[in-house]
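A closer look at the structure
So you can see what is in the structure, the chains are spelled out below.
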Amino acid sequence: MRPIRVRIGVLGLALVAGLAAPTAATAAPEAGGAAPGPTVEERRLDGEVPREILRRSGFAAVAPAFARGLGRADSYREARRVVEREGAALWRRAVDRVQGRGPARGDLSRDDDRPLYWARLGMTRELRTWEPGFGLSERQRAALLTELERTSRGQTDLRLPRGGHGKGVKRVLLTGFDPFTLDRDIRISNPSGAVALALDGTVIDTADGPARVETAVFPVRWADFAEGTVERALRPYLPRVDLFTTVSQGRVGRFDVERTNGAWRGGFPDNDNVSRTETVPVADPASQPQWTTTTLPYAAITAADTGRFPVYDNTSVTEIPAGGDEPVVRPEGPTPGSTAREGGGGNYLSNEIAYRATLLRDRLGLHGTLPGGHVHTPVLQFGAGNTDPATGAVTDPGFVRNRLDIVAQTRAIVGVAVSAAGADRD
């Protein structure tokens, strides 16, 4: 995608387009072994909007309770048990709230993904700044933070049903993202995160039989991706699933099945206000392709009536042609020998998760047998009259309706994809 043409598209298309911005590093550990300060992302918790979202969802007590648990830990081993237990409990609590299990504990609509995001940041801030009485090394703190991220994002809770490919209940793996562009509008939600919470552990009836969906959510941070968070989370499961799709928020008023993913980071700042402009860093870069492709049944998906938003097979990319030095838009996809500058999903982290997941599929030898790729949802918009971040409400009926419609249509798209993939196998 190109730089946004209309104002309303800016929020959603950051995961699609790559806009240059200066780098601002996250807080570094202080000298003398003291605990590091909060990150840029964590410091946003001090705003009134995050506090309101936590209060109105019943999640305001999560971080304080976690801090008390940490305070009772008298060793690294005990601290790790607290982190594993409380991280997993946060994910399960968020899933249960969205799926209607247990009390809502607040008047914020149950479909909202934002309580999970802000409660997790409260927990990571407590852990990052914790100074226990026993010695805690920088490496140990980093390991605890990694474990908290994994457990609270559902990455350790992927429970696939037994059976072989094409037999019994089909197995689907779906991923979503945190909210992003929070300095533009701290109220925003990410519909892909809402999809992940709504579909986790659910069964979709399809023309090819029932399909169990397992989900996880990923951060909007360049560094986590460079450190291999996507590959670590997905590698154990891709050989065992019948279909996978990464999902993120994309363009206004439409879904897109992204045909091609590019090996380029375009520089748009992440949730820590860090910018990266470079080739996507992966293991074994000598064998790294410039492009990967979807194996989702895009023709069937785009032809089906799945909901109120149109669904497109997006084939466009931006490349530097072989022998050239300037980027060129290619509506029909890349040409031989070209260098990636934007995949169909742009050159931000939505493109990167699609690139990494499909490259992992290919490196595992599954290109010809495993349907997988990326789906962009529409931008989640607030209702009419609630568009000013400075004065607007954190939610409204139109906002909730739009999110519910996006979630329902994504579920329908998954069902079509499973059915079409089963027909192709037959």
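As a reminder, the structure under discussion sits directly above these lines.
Below is a summary of the structure that appears in this document. (Residues numbered from 1 in each chain as written. Predicted model: local features only at pLDDT ≥ 70, side-chain atom pairs only at ≥ 80, totals over all residues. Heavy atoms only, no water.)

1. Points about helix α12 (residues 349-363)
What counts, and what does not: Numbering goes from the N terminus for both helices and strands, where a helix is a DSSP run of H or I of at least four residues and a strand is a run of E of at least two. The span expected for a helix works out to 1.5 Å for each residue beyond the first. Exposure classes here rest on a 1.4 Å probe applied to the protein chains alone. A residue is buried below 20% of its type maximum, exposed above 50%, and partly exposed in between.
Between the first and last C-alpha of α12 there are 20 Å, a value that for 15 residues agrees with the 21 Å anticipated at 1.5 Å per step. Here α12 lies mainly inside the structure; 13 of its 15 residues are buried. Gly365, located one to two residues past α12, shows a positive phi value of around 75°.

2. Comments concerning the pattern of salt bridges
Put simply, the test is: Salt bridge, as used here: a side-chain nitrogen of Lys or Arg that lies within 4 Å of a carboxyl oxygen of Asp or Glu.
Taken as a whole and assessed by the stated rule, the structure comprises 40 salt bridges. Here Arg403 makes a salt bridge to Asp111, at a shortest N to O gap of 2.4 Å. Taken together, the residues span a long stretch of sequence, with Arg403 in helix α13 (residues 397-425) and Asp111 in the loop between α5 (76-98) and α6 (114-129) at a distance of 292 residues. Overall, the relative accessible area of 0% leaves Arg403 in the buried class. Relative accessible area serves as the criterion here: at 11%, Asp111 is assigned to the buried category.

3. Focus on the pairing of strand β5 (residues 255-258)
Basically, it comes down to this: Each pair of strands is called paired provided DSSP finds at least two bridges between the two strands.
Along β5, one buried face is formed by Phe255 and Val257 and the opposite face, lined by Asp256 and Glu258, is buried too. By the bridge criterion, 4 bridges tie β5 to strand β10 (residues 311-314) in an arrangement that is parallel. Counterpart to Asp256 in the pairing with β10 is Tyr312. Pairing geometry for β5 and strand β14 (residues 372-377), over 3 bridges, is antiparallel. Bridged to Val257 within β14 is Val375.

4. Some points on the packing of aromatic side chains
Note the cut-off: Ring pairs shown here join Phe, Tyr and Trp side chains whose ring centres sit within 6.5 Å, with only the six-membered ring taken for Trp; geometry is labelled stacked below 30 degrees between planes, edge-to-face above 60, and tilted in between. We call a charge positioned above a ring when the Lys NZ or Arg CZ atom is no farther than 6 Å from the ring centre and deviates by at most 35 degrees from the ring normal.
Scanning the model with the defined rule gives 9 aromatic pairs in all. A centroid spacing of 6.5 Å and a plane angle of 70° characterise the contact between Phe218 and Phe225, whose relative ring orientation is edge-to-face. Residue Phe225 is classed as buried on the basis of its relative accessible area, which comes to 0%. Aromatic rings pair up to connect Phe180, Trp222, Phe268 and Tyr348 into one cluster. Across the ring face of Phe59, the terminal group of Arg93 is positioned such that the distance to the ring centre comes to 4.4 Å. Lying across the ring of Trp264, Arg341 places its NZ or CZ 3.7 Å from the centre.

5. Re the sheet that holds β10
Backbone hydrogen bonds hold the strands of a sheet together, and the pairing may be parallel or antiparallel. For clarity, the threshold we go by: Helix axes are fitted only over the stretch in contact, all axes being lines through C-alpha atoms; the angle between N-to-C directions runs from 0 to 180 degrees. Only heavy atoms enter the contact rule, under which two residues are in contact if any of them lie within 4.5 Å.
The strand order β2-β3-β1-β4-β14-β5-β10 describes an open sheet built from 7 strands, whose pairing is mixed. Each edge of the sheet is formed by a strand with only one pairing partner; in this case those strands are β2 (203-206) and β10. When strand polarity is set aside, the average angle formed by the axes of neighbouring strands in this sheet is 30°. Note: strand β4 (residues 243-249) against β14, 6 bridges, orientation parallel. Bridged to Val247 within β14 is Val375. Strands β1 (170-177), β3 (209-218), β4 and β14 of the sheet are contacted by helix α8 (residues 191-199), whose axis makes an angle of about 145° with β1.

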